Amino acid sequence: MDPAVEPELDSFSLTFPLPYRIGFIVTLAVWGWGLNLHGLYLFKIDLPTLIKYPVRSSPQQVSHHLSTYRLATVLSGLFAFSITLFWICTWRIPSRVIEYDWIPMTYLVAMIAVFFAPLKHLPSNGRRRFLATLRRVSIGGIAEAKDGKFGDILLADVLTSYAKVSGDIFVTICMFFSTGGSSTDRPDRNCGGEVIVPLLMAVPSAIRFRQCFIEYFRVRNAPYRESAGWGGQHLANALKYSTAFPVIITSALQRSADDDNSKTLLYRAWLVAVVVNSMYSFYWDVAKDWDLTLFSSPQPRKLGHKQAWGLRERLVFHEPNLYYIVIAIDFLLRCTWSMKLSPHLNRFSDWESGIFLIEFLEVLRRWIWIFFRVETEAIRNSTSSGMEIDDILLGDYEGDGNDDDDML
């Protein structure tokens, strides 16, 4: 997961240094969340209600997705200004790129400040809610269902897709503060690469691992345990997240192996680990997160209802072919590691541009995943309440008048 890269400052890094890649991905995440909110809203799925976000107090207030777009626009403007200034100052001259590393580092500090600064036209409540949720899930905590458990699960799952980005953040900081180092130099993935970076990359999976056990013990201790089952699905989910640890460990050990025999053995162990992790995760996406019947026998059909093969009876997005396309995309993007097996593509994943592309594709996969995971949760809620999906997913909810209609 952290391959060696070019020995000199490559063309991609001259134009797009590592700090800006991090900022780009974070900005993209905010745009993606706004698009999630907007797209689900158009299909009458009220995501804020599903995650127990404070309801809007007035129909005149800006919608959640438009408020998120405002924040994304500010972050995009900040990114555009900083990188343009950096290009003007450096003109892709290696010595200048290294010398002017304070520009992208200042940009990263400013980007972080945007999430804390009480700016008037930005979603303050949404940012506070995001930071509060992040604090809770950062130690593997998870709220009760009535307090927004689903939102905690969504955020923790999203963090697993940003594991590599978190490693890049540490590498950037390590390079910036190293003697004679520069955050815009060739990324030194040995800077914390043997221990700290793998640990950082393992944290998101460890968060979800702990959350699964919390849910398991809640089920075991619940007075309605007979109707809720014995919690085996939460253990199976924890097992899924645990399969990420062998991938990270074997990948880190490969970088420090000395002899060819050790490298070959570790590579084979990594290959087994990554296949297990990818296939298990793909199965869980389709069968458990999206409740599709591709890997199981379909439920008995109700009279007058049709069900497309491998899907489910109720499809909010209506078009069955869309679900088949998304399943195929999810499978392909779960297997980007397979490029290492191709004699023509194996070097691509070692280049800085290749590493960035893989990070981008994982973020894209997670963005698509959110649409169908939220759709599934909405259907589960409507089924458990005995109401039709349109009755509960997008309605007029009364608030206490104290919350802005914003959301991050």
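Residues numbered from 1 in each chain as written. Predicted model: local features only at pLDDT ≥ 70, side-chain atom pairs only at ≥ 80, totals over all residues. Heavy atoms only, no water.

Caption draft 1: Region of the structure containing the packing of helix H10 (residues 196-221) against helix H13 (residues 244-256). Where H10 meets H13, the closest approach of the two axes is 10 Å, and the angle between their N-to-C directions is 175°. Classified by the angle between their axes, H10 and H13 sit roughly antiparallel to one another. Between H10 and H13, the residues in contact are Pro198, Met201, Ala202, Ser205 and Ala206 and Ala244, Phe245, Ile248 and Ala252, respectively. (Axes fitted to C-alpha atoms, helices over the stretch in contact; angles between N-to-C directions. Helix = DSSP H or I, 4+ residues; strand = E, 2+ residues; numbered from the N terminus. Parallel < 35°, antiparallel > 145°, perpendicular 65-115°, else oblique. Contact = heavy atoms within 4.5 Å.)

Caption draft 2: Structural detail: the UniProt feature "transmembrane region" (unreviewed entry) in the protein. The UniProt record marks residues 20-43, 69-88, 100-119 and 265-284 with the feature "transmembrane region" (unreviewed entry), using the residue numbering of this structure. Within residues 265-284, the helical portion is 100% and the strand portion 0%, while the C-alpha atoms at the span's ends are 29 Å from each other. (UniProt positions renumbered as here; feature names shortened; annotations may be inferred.)

Caption draft 3: Representation of the packing of aromatic side chains in the model. Following the criterion strictly, the structure yields 29 aromatic pairs and no others. Both rings, one in Phe12 and one in Phe16, keep their centres 5.8 Å apart while their planes meet at 85°; by these two values the pair is edge-to-face. Since its relative accessible area comes to 23%, Phe12 is described here as partly exposed. Between the aromatic rings of Phe43 and Phe317, the centroid separation amounts to 4.9 Å while the plane-to-plane angle is 85°, which identifies the pairing as edge-to-face. Separated by 274 residues along the polypeptide, Phe43 in the loop between helix H2 (18-42) and helix H3 (47-50) and Phe317 in the loop between helix H14 (260-289) and helix H15 (320-334) bring together distant segments of the chain. In textbook terms, an aromatic cluster arises when at least three aromatic residues are bridged by ring pairs, as seen for Phe12, Phe16, Tyr20, Phe24, Phe79, Phe86, Tyr107 and Phe356. Lying across the ring of Trp369, Arg366 places its NZ or CZ 4.5 Å from the centre. (Phe/Tyr/Trp six-rings, centres within 6.5 Å; stacked < 30°, edge-to-face > 60°. Buried < 20%, exposed > 50% of the residue type's maximum accessible area, 1.4 Å probe, protein only. Lys NZ or Arg CZ within 6 Å of the ring centre and 35° of its normal.)

Caption draft 4: Broad picture of the pattern of salt bridges. Scanning the entire structure with this criterion turns up 19 salt bridges. For Asp168, the salt bridge identified is with Lys164, shortest N-O distance 3.1 Å. Here Lys164 and Asp168 lie together in helix H9 (residues 163-177), a separation of 4 residues that amounts to about one turn. Judged by relative accessible area, which is 14%, Lys164 ranks as buried. (Salt bridge = Lys/Arg side-chain N within 4 Å of Asp/Glu carboxyl O.)

Caption draft 5: Broad picture of the state of the cysteines. Tallied over the full model, the rule gives 1 disulfide. What pairs with Cys174 in a disulfide is Cys191, and their sulfur atoms sit 1.6 Å apart. Disulfide Cys174-Cys191: the torsion about the S-S bond is -65°, which places it as left-handed. Of this pair, Cys174 sits in helix H9 while Cys191 sits in the loop between H9 and H10, placing them 17 residues apart in sequence. (Disulfide = S-S within 2.5 Å.)

Caption draft 6: Quick peek at a nonpolar patch on the surface. A cluster of nonpolar side chains, namely Val275, Met279, Phe331 and Leu332, defines an oily patch on the protein surface of about 320 Å² accessible area. For the nonpolar patch, the secondary-structure elements that each account for two or more residues are H14 and H15. With respect to the secondary-structure elements, Val275 resides in helix H14. In this structure Val275 comes out as partly exposed when scored by relative accessible area, which is 32%. (Patch = residues over 30% accessible without salt bridge, like charges linked within 9 Å, V, L, I, M, F, W, Y side chains within 5 Å. Areas by Shrake-Rupley, 256 points an atom, 1.4 Å probe, with all protein chains shown as cover.)

Caption draft 7: A look at the confidence of the model for the protein. In this model, the protein carries a mean pLDDT of 86, and residues with pLDDT of at least 70 account for 84%. Mean pLDDT per element in the protein: helix H17 (residues 389-392) is the minimum at 44, and H15 is the maximum at 97. Every residue in residues 389-405 is under pLDDT 50, and counting partners more than four places away or in other chains gives 45 contacts. (pLDDT = per-residue confidence, 0-100.)

Caption draft 8: Representation of H13. In this model, H13 (13 residues) spans 19 Å end to end at C-alpha, consistent with the 18 Å of a helix rising 1.5 Å per residue. Those residues of H13 lying buried are Ala244, Val247, Ile248, Thr250, Ser251 and Ala252. Close packing links the buried residues of H13 with H10, helix H12 (232-242) and H14. (Expected span 1.5 Å × (residues − 1).)

Caption draft 9: Representation of the nonpolar core. Judged by nonpolar contacts, the single largest core of 55 residues is most densely connected at Tyr20, Leu47, Trp290, Phe372 and Val374. Of all the secondary-structure elements, those providing two or more residues to this core are H2, H3, helix H4 (64-90), helix H6 (102-114), helix H8 (149-161), H14, H15 and helix H16 (352-385). With 10 residues, H16 is the single largest residue contributor to this core. Excluding residues within four positions of it along the chain, Leu47 makes contact with Trp33, Leu37, Leu40, Phe150, Leu154 and Val374. Counting 8 residues, the second-largest nonpolar core is a separate cluster that includes Ala163, Val171, Met175 and Ile248. (Core = buried A, V, L, I, M, F, W, Y, C linked by side-chain atoms within 4.5 Å.)

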